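If you want the building blocks of each chain, they are given just below.
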Amino acid sequence: SSGINAEYGGTDESKFNSILVSRSYRHLKMVFAEYKRIASEDIEKSIRTEMSGEIELGFLSIVKKIKNVPTYFAEELYKSMKGLGTDDDQLIRIVVWRSEIDLVEIKGAFHSLYAKSLADFIKEDTSGDFRSLLLLIVK
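All values reported here derive from a predicted model rather than from experimental measurement.

The rules behind each value
- Each chain carries its own residue numbering, running from 1 in the written order of its sequence.
- Two thresholds apply to this predicted model, a pLDDT of at least 70 for residue-level local features and 80 or more for giving and counting side-chain atom pairs, whereas whole-chain, interface and lining totals are computed over all residues.
- Note that water and hydrogens are dropped before the side-chain values are worked out from all heavy atoms of the structure.
- Numbering of helices and strands runs from the N terminus; a helix is a DSSP stretch of H or I covering at least four residues, while a strand is a stretch of E covering at least two.
- Working definition: with a 1.4 Å probe on protein chains only, accessible area under 20% of the residue-type maximum means buried, over 50% means exposed, and in between means partly exposed.
- Using a 1.4 Å probe, the Shrake-Rupley method yields the accessible areas, and only the shown protein chains count as cover for residues.
- Counting rule applied: Lys, Arg positive; Asp, Glu negative; His and chain ends not counted.
- Charged side chains are reduced to one point each, which is NZ for Lys, CZ for Arg, CG for Asp and CD for Glu.
- Comment: arc refers to directions from the helix axis out to C-beta atoms.
- Here, two residues are considered to be in contact whenever any of their heavy atoms come within 4.5 Å of each other.
- Buried Ala, Val, Leu, Ile, Met, Phe, Trp, Tyr and Cys residues that are joined via side-chain atoms within 4.5 Å together make up what is termed a nonpolar core.
- For every residue, the predictor assigns a confidence score, pLDDT, that lies between 0 and 100.
- Think of a polar contact as two N or O atoms within 3.5 Å of one another; within protein, one of them needs to be a possible hydrogen donor and the other a possible acceptor, and neighboring residues in sequence only count if both atoms come from side chains.
- In this analysis, rings of Phe, Tyr and Trp, with Trp reduced to its six-membered ring, are considered paired at centre separations within 6.5 Å, and the interplanar angle assigns stacked below 30 degrees, edge-to-face beyond 60, and tilted for intermediate values.
- Should the NZ of a Lys or the CZ of an Arg lie within 6 Å of a ring centre and within 35 degrees of the ring normal, that charge is described as sitting over the ring.

A. Spotlight on the overall build of the protein chain. Each helix and strand counted, the protein chain has nine helices and zero strands in total. Put simply, the protein chain runs from its N terminus to its C terminus through helices and strands in the order α-α-α-α-α-α-α-α-α. Considering only C-alpha atoms, the protein chain reaches an extent of 60 × 30 × 25 Å along its principal axes. Out of the 139 residues in the protein chain, the part that is buried amounts to 33%. When the accessible surface of the protein chain is summed, it comes to about 8,500 Å², and 51% of that surface belongs to carbon and sulfur atoms. The positive charge centre, built from 20 side chains, and the negative charge centre, built from 22, are 5 Å apart in the protein chain.

B. Spotlight on helix H8 (residues 118-125). Buried residues of H8: Leu-118, Ala-119, Phe-121 and Ile-122, and no others. The buried residues of H8 all sit within an arc of 160 degrees when viewed along its axis, so they share a single face. Packing partners of the buried residues in H8 comprise helix H5 (69-81), helix H7 (103-114) and helix H9 (128-138).

C. Representation of the nonpolar core within the structure. Counting residues in each nonpolar core, the largest one holds 20 residues, and the members touching the most others are Leu-77, Met-81, Phe-110, Leu-118, Ile-122 and Val-138. Among the elements of the structure, H5, helix H6 (88-98), H7, H8 and H9 are those that each provide at least two residues to this core. A per-element tally of this core places H5 first, with six residues. Those residues in contact with Val-138 that lie beyond four places of it in its chain are Val-95, Leu-103, Lys-107, Leu-118, Ala-119 and Ile-122.

D. View of the confidence of the model for the protein chain. Summing up the model confidence of the protein chain, the mean pLDDT is 90 and the portion of residues at 70 or higher is 92%. No element of the protein chain has a lower mean pLDDT than helix H1 (residues 13-22), which averages 85, and none a higher one than H7, which averages 97.

E. View of the environment of Met-81. Within the element layout of this structure, Met-81 appears in helix H5. On a C-alpha basis, the gap between Met-81 and Leu-133 in space is 16 Å, while along the polypeptide they are 52 residues apart. Ignoring any residue separated from it by four or fewer positions in sequence, one finds Met-81 in contact with Thr-86, Leu-91, Phe-110, Leu-118, Phe-121, Ile-122 and Asp-125.

F. Just the side chain of Asp-102, in detail. Position of Asp-102 relative to the elements: it lies in the loop between H6 and H7. Here Arg-98 takes part through its side chain, which lies 2.8 Å from a polar atom of the side chain of Asp-102.

G. Examining the packing of aromatic side chains more closely. For the structure on display, the rule yields seven aromatic pairs. Considering the side-chain rings of Tyr-72 and Phe-73, the 5.1 Å spacing of their centres and the 80 degrees angle between planes classify their relative orientation as edge-to-face. An identical accessibility class is assigned to Tyr-72 and Phe-73; each is buried. Considering the side-chain rings of Phe-110 and Phe-121, the 5.4 Å spacing of their centres and the 80 degrees angle between planes classify their relative orientation as edge-to-face. Placement of Phe-110 in helix H7 and of Phe-121 in helix H8 is noted, with a sequence separation of eleven residues between them. Look at Phe-121 and you get buried, because its relative accessible area is 15%. Taken together, the aromatic side chains of Tyr-78, Phe-110, Tyr-114 and Phe-121 make up a single cluster linked through ring pairs. Taking NZ or CZ as reference, Arg-98 lies 4.6 Å from the ring centre of Trp-97, over its face.

Dropping the structure here:
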């Protein structure tokens, strides 16, 4: 049985978790497409309907990352800098971790989402050596 709308009513979150953590991104993208074809709705809508709280947020985050890695990290970078204060740990973790993987794509997604470059956002939200270090990596 599937993880969502299990045959005995409700959601079998452990089965859903098992599938999300044991399959490749490529496989999961195909599963999500097939789910949409069969259920006539995105997997995210089903997660919002069937789950709540931290588990809902966790599954939605995993699905979002699987569907589009650069967009996921662009949104996480934005969240680390928006509002009062900056989550320095999150900001540096993502920039350094993704710098040799897909930072170019993340920068493109960031600009598409927020109509401003990641570098400009960093310039406005950070200062000193921290700003200089981040800008060296991002440029």
